[in-house]
Amino acid sequence: CIEYYQFLPNGEVKIQSNQERILGRYTFLNQANIFELAAVKIDFVSDNGKPDCTGDATNQSDQSTVNYLKRKSEQEIYFCDDAMGNSCPVYLRPEK
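Rules used in this analysis
- Residues numbered from 1 in each chain as written.
- Predicted model: local features only at pLDDT ≥ 70, side-chain atom pairs only at ≥ 80, totals over all residues.
- Heavy atoms only, no water.
- Patch = residues over 30% accessible without salt bridge, like charges linked within 9 Å, V, L, I, M, F, W, Y side chains within 5 Å.
- Areas by Shrake-Rupley, 256 points an atom, 1.4 Å probe, with all protein chains shown as cover.
- Salt bridge = Lys/Arg side-chain N within 4 Å of Asp/Glu carboxyl O.
- Helix = DSSP H or I, 4+ residues; strand = E, 2+ residues; numbered from the N terminus.
- Disulfide = S-S within 2.5 Å.
- Buried < 20%, exposed > 50% of the residue type's maximum accessible area, 1.4 Å probe, protein only.
- Pairing = 2+ DSSP bridges.
- Axes fitted to C-alpha atoms, helices over the stretch in contact; angles between N-to-C directions.

A few words now on a nonpolar patch on the surface. On the surface, I34, F35 and M84 cluster together into a nonpolar patch covering about 410 Å² of accessible area. Summarising the element assignment, M84 is placed in the loop between β6 (76–80) and β7 (90–92).

The structure is reproduced here in structure tokens:
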């Protein structure tokens, strides 16, 4: 199962994961210091309540998440759980 994130120039993000469809808004957060990774905050506006790739059908509307961005190259970007980039479980593959 693959999750798709479409970051639009107007600050909207569309997320598809299995049957789940989420609409949200994203903003980039400033780094606390030069050693930390940049971060993106996603505020979930609507969620259709269908199961995602893990089978979870929790409605995430009105919740938010912060993901740190680790860029290894133009084509290799990861969502990380920590500001230092030690745990980066999600690979973001740019569309071709």
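Continuing now.
Simply put, the disulfide is a covalent bond whose two ends are the sulfur atoms of two cysteines. One pass over the full model with this rule turns up 2 disulfides. Here C1 engages in a disulfide with C53; their sulfurs sit 1.9 Å apart. Around the S-S axis, the bridge from C1 to C53 shows a dihedral of about -65 degrees and counts as left-handed. You can see C1 sitting in the segment before β1 (3–7) and its partner C53 sitting in the loop between β4 (38–47) and β5 (64–73), a full 52 residues away along the chain. Take C53: its relative accessible area is 27%, and that puts it in the partly exposed class. Linked covalently through their sulfurs, C80 and C88 form a disulfide whose S-S length is 2.0 Å. The sign of the S-S torsion, about 95 degrees, decides the handedness of the disulfide formed by C80 and C88: right-handed. Residue classification places C80 among the buried positions, given a relative accessible area of 0%. Taking only the cysteines that form disulfides and numbering them from first to last, the protein chain has the pattern 1-2, 3-4.

Attention shifts here to the sheet that holds strand β3 (residues 20–29). Within the open sheet, the 7 strands sit side by side as β1-β2-β3-β4-β5-β6-β7. Their pairing is antiparallel. Looking at the sheet topology across the chains shown, the edges are occupied by β1 and β7. Going from strand to strand, the sheet's axes swing by 35 degrees on average, the running direction of each strand aside. Taken together, the 3 bridges between β6 and β7 define a ladder with antiparallel strand orientation. Bridge pairing in β7 links I77 to L92.

All quantities given are derived from atomic positions and should not be read as evidence of function.
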